[in-house]
Amino acid sequence: MSDQYMNDQYHKLAQFYDDFVQKNRNYHKIATELAKLIGEARDILDIGIGTGIVVEHLLQIQPAYKITGIDTSESLLEQAENKLGKTVDLHCQNVSELDLGKQFDVVYSRGGAWTFVNDQVETMLASHILGLTEIQKSFDRVAKHLKPDGLLIISSSNAYGDNLVELENGIVHKRIAHTEGNEDERYTILDYLFYQNEKLLAEQKLKLRLISYQTTTTMLSQANFVEESIKAETYFIYRKI
């Protein structure tokens, strides 16, 4: 087992991943909305591709897309490879150290590295990368991998909350969410639990850094991104200048 696999945040969740992320979500609709934003672009990079659910639907909509996907989770990438075969170029890489040797028309993140969250009081960036220096590096690396005038698309949704859903085979998924820290350094802690007949099958905790919208805008500007548009509750779109 490689060092990356040993540090895989999603290793304990992998066997349940597709079931719980697809619960109450229409991924074809999600992909259709994303395809409209991508437009006529063809060279696309998915930051945090996971098991490839979004990409699977994107390719159904437009088979001409040339998609590259990165993720830090080898367990999820294994599922993506099984699902997508050779239609997508997959890499186990951290976006802060992104090095693919090519540039893209569009880069997007649907929560894999970052997503915007709105708790009705403020909008914040939720990042799987925890250090501000590393987050800035991730924006810089993405900028280097975008063609001139290329787009960076970051998803947006309601803030993380507690959740309880029933999956197949009597498995119940429970998510417990809470925020810790202070105004200068805040985190969301997500505790994922899976039960069957009240027996705990798996548990995984994830920690995400929360950054104010203003700070995020400044950091993206330093990486030569300018905000182009905001699709309410769905996507923030930036253009490389």
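Preceding this paragraph is the structure being described.
A brief structural summary. (Residues numbered from 1 in each chain as written. Predicted model: local features only at pLDDT ≥ 70, side-chain atom pairs only at ≥ 80, totals over all residues. Heavy atoms only, no water.)

Here the focus is the pattern of salt bridges. Two side chains bearing opposite charge may form a pair once their charged atoms approach each other closely. Counted by the stated rule, this structure contains eight salt bridges. The closest approach of N and O atoms between Glu-81 and Lys-86, which form a salt bridge, is 3.9 Å. Classification of Glu-81 by relative accessible area gives partly exposed; the value is 42%. Where Glu-122 meets Arg-186, a salt bridge forms, and the shortest distance between an N and an O atom there is 2.8 Å. On the criterion of sequence distance, the pair formed by Glu-122 in the loop between strand S5 (114–118) and strand S6 (123–127) and Arg-186 in strand S10 (residues 185–196) is long-range, its members being 64 residues apart. On the accessibility criterion, Arg-186 (18% relative accessible area) is buried. If you follow the salt bridges from partner to partner, you end up with Asp-43, Lys-66, Asp-105 and Lys-147 in one network. (Salt bridge = Lys/Arg side-chain N within 4 Å of Asp/Glu carboxyl O. Buried < 20%, exposed > 50% of the residue type's maximum accessible area, 1.4 Å probe, protein only. Helix = DSSP H or I, 4+ residues; strand = E, 2+ residues; numbered from the N terminus.)

Turning next to the side chain of Asp-43. Within the secondary structure layout, Asp-43 lies in strand S1 (residues 43–47). Overall, Asp-43 belongs to the buried group, its relative accessible area being 11%. Aside from chain neighbours lying at most four places away, what touches Asp-43 is Lys-66, Lys-102, Phe-104, Asp-105, Val-106 and Lys-147. (Contact = heavy atoms within 4.5 Å.)

A word on the pairing of strand S9 (residues 171–182). Looking at chain direction, strand S8 (residues 163–166) and S9 are connected through four bridges and run antiparallel. Each residue of the ladder has a partner; that of Val-165, found in S9, is His-173. Judged from the twelve bridges that link them, S9 and S10 form a sheet pairing that is antiparallel. Within S10, the position partnered with Ile-171 by the bridge is Gln-196. (Pairing = 2+ DSSP bridges.)

Let us look at unusual backbone geometry. Positive phi, close to 70°, is recorded for Asp-149, a residue that is not glycine. With respect to the helices, strands and loops of the structure, Asp-149 is situated in strand S7 (residues 146–158). Here Asn-197, not a glycine, exhibits a phi torsion of approximately 55°, which is positive. Note on Asn-197: relative accessible area 73%, which makes it exposed.

Turning our eyes to something else, we now look at the packing of helix H3 (residues 27–38) against helix H4 (residues 53–61). Orientation of H3 relative to H4, taken along the N-to-C sense of each, is 65°, at an axis distance of 9 Å. The crossing of H3 and H4 is right-handed. Of the residues in H4, those in contact with Tyr-27, His-28, Ala-31, Thr-32, Leu-34, Ala-35 and Ile-38 of H3 are Ile-53, Val-54, His-57, Leu-58, Gln-60 and Ile-61. (Axes fitted to C-alpha atoms, helices over the stretch in contact; angles between N-to-C directions. Left-handed = near helix turned anticlockwise from the far one by under 90°.)

In this description, a pair of aromatic rings is defined by centroid distance and the angle of the planes. Following the criterion strictly, the structure yields four aromatic pairs and no others. Taking 5.2 Å as the distance between ring centres and 50° as the angle between the ring planes, the aromatic pair formed by Trp-114 and Phe-139 counts as tilted. Of this pair, Trp-114 sits in strand S5 while Phe-139 sits in helix H6 (residues 132–144), placing them 25 residues apart in sequence. Each member of the pair, Trp-114 as well as Phe-139, carries the same accessibility label: buried. Between Tyr-213 and Phe-236 the ring centres are 6.0 Å apart and the planes differ by 55°, which places this aromatic pair in the tilted class. Separated by 23 residues along the polypeptide, Tyr-213 in helix H7 (residues 213–222) and Phe-236 in strand S13 (residues 235–240) bring together distant segments of the chain. Relative accessible area serves as the criterion here: at 29%, Tyr-213 is assigned to the partly exposed category. These aromatic residues form a ring-pair network of at least three members: Phe-116, Tyr-213 and Phe-236. (Phe/Tyr/Trp six-rings, centres within 6.5 Å; stacked < 30°, edge-to-face > 60°.)

Of all five residues making up S1, five are buried, and the element is well covered by its neighbours. Residues Asp-43, Leu-45 and Ile-47 point to one face of S1 and Ile-44 and Asp-46 to the other, with burial holding for every one of them. Pairing between S1 and strand S2 (residues 66–71): five bridges, direction parallel. Counterpart to Ile-47 in the pairing with S2 is Ile-70. The pairing of S1 with strand S4 (residues 104–109) spans three bridges and is parallel. Bridge assignment links Ile-44 to a residue of S4, and that residue is Val-106.

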